[in-house]
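Single-letter residue listing:
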Amino acid sequence: MTGASSYRRKLEPLCAKIGRDRVDQVVHAFYTKLRTDPVLHGYFDGITDFSEHEALIADFWWVAMGGILAQPRQFDMLGRHRTLGLTPVVFERWLALFGDTMAIYVPPDLAKQWLQMAVGIGANLQNQMPK
Ligand code: HEM
């Protein structure tokens, strides 16, 4: 492989490396676990249509990874989370479960990159939570 082509491979966005099918798979598996998790499940009681919610979350990750949506949509991260009363313990559990789920479907180097994004987004969210 020439230097130029290996450089191009590295520049491929995470969405292309992981692929939309795997994003959908991880999100679906994550929500399946989350709904029976003793720490987390209660936060999701208000969601009536999980397939629509999972599609929204998968779209969010797709865009966060550099993907483009056929039908762009808006996300209201802070607005959606600020009233949930989330604590550091809850965030930690959410991230642990997300990491465990990814490990099943995504190769370790890509899972590491995806989880790093979740950690960063989670930290930002926590910083913006009402004290
Ligand atoms: C890095 C951490 C997290 C990420 C990336 C994330 C991502 C998202 C996204 C993209 C949405 C949809 C936002 C919208 O409707 O515009 C959402 C909604 C939601 N998230 Fe999170 N979330 C995180 C942490 C958590 C945690 C720790 C909990 C609770 C255990 C949680 C519970 C919820 C709930 C219940 C909704 C739906 C709220 C509603 O529609 O009223 N999230 N999340």
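Sequence order as written defines residue numbering, which begins from 1 separately in each chain. Note on the predicted model: pLDDT of at least 70 is required for a residue's local features to be given, and 80 or more for side-chain atom pairs to be given and counted; whole-chain, interface and lining totals, by contrast, use all residues. Side-chain numbers come from the whole structure's heavy atoms, not from hydrogens or water.

Chemist: How do you make sense of the overall build of the protein chain when you look at a structure like this?
Modeler: If you tally the helices and strands in the protein chain, you get seven helices and zero strands. We count a stretch as a helix when DSSP gives it H or I for four or more residues in a row; a strand needs E for two or more, and each element gets its number in order from the N terminus. Going from N to C terminus, the protein chain has its helices and strands arranged as α-α-α-α-α-α-α. With the C-alpha coordinates aligned to their principal axes, the bounding extent of the protein chain is approximately 50 × 30 × 30 Å. Only protein chains enter the accessibility calculation, which uses a 1.4 Å probe. A residue is then buried if its area is under 20% of the maximum for its type, exposed if over 50%, and partly exposed in between. Per-residue burial over the protein chain gives 33% buried out of 131 residues. Contacts spanning at least 24 positions in sequence make up 72% of the contacts within the protein chain whose residues lie at least 6 apart. Here the protein chain displays about 8,200 Å² of accessible surface, and carbon together with sulfur accounts for 57% of that area. Counted charges follow a simple rule, with Lys and Arg positive, Asp and Glu negative, and His plus the chain ends left uncounted. By convention, charge coordinates are those of NZ in Lys, CZ in Arg, CG in Asp, or CD in Glu. Taking the average place of the 14 positive charges on the side chains of the protein chain and the average place of its 13 negative ones, the gap between the two points comes to 8 Å. Contact criterion: two residues are considered in contact whenever any of their non-hydrogen atoms come within 4.5 Å of each other. Under the convention used here, a 1.4 Å probe and the Shrake-Rupley method define accessible areas, while residue burial counts only the protein chains that appear.

Chemist: I tried to follow the nonpolar core on my own but got confused; where do I start?
Modeler: Side chains of nonpolar character tend, in soluble globular proteins, to be buried together. To define a nonpolar core, start from buried Ala, Val, Leu, Ile, Met, Phe, Trp, Tyr and Cys residues and group those joined through side-chain atoms within 4.5 Å. Judged by nonpolar contacts, the single largest core of 33 residues is most densely connected at Ile 18, Val 23, Tyr 31, Trp 61, Met 65, Phe 98 and Trp 114. Of all elements in the fold, only α2 (14–18), α3 (20–34), α4 (50–64), α6 (88–105) and α7 (108–128) reach the threshold of two or more residues within this core. Apart from residues no more than four positions distant in its own chain, Trp 61 is found in contact with Val 23, Val 27, Trp 94, Phe 98, Trp 114, Met 117, Ala 118 and Ile 121.

Chemist: What is the right way to read the UniProt feature "binding site: heme" (unreviewed entry) in the protein chain from this model?
Modeler: UniProt positions are given in the numbering used here, feature names are shortened, and annotations may be inferred rather than shown by experiment. UniProt's entry tags His 81 with the feature "binding site: heme" (unreviewed entry), counted in the numbering of this structure. With respect to the helices, strands and loops of the structure, His 81 is situated in helix α5 (residues 77–81). If we ignore the near neighbours within four places in the chain, the residues touching His 81 are Leu 86, Leu 125 and Met 129.

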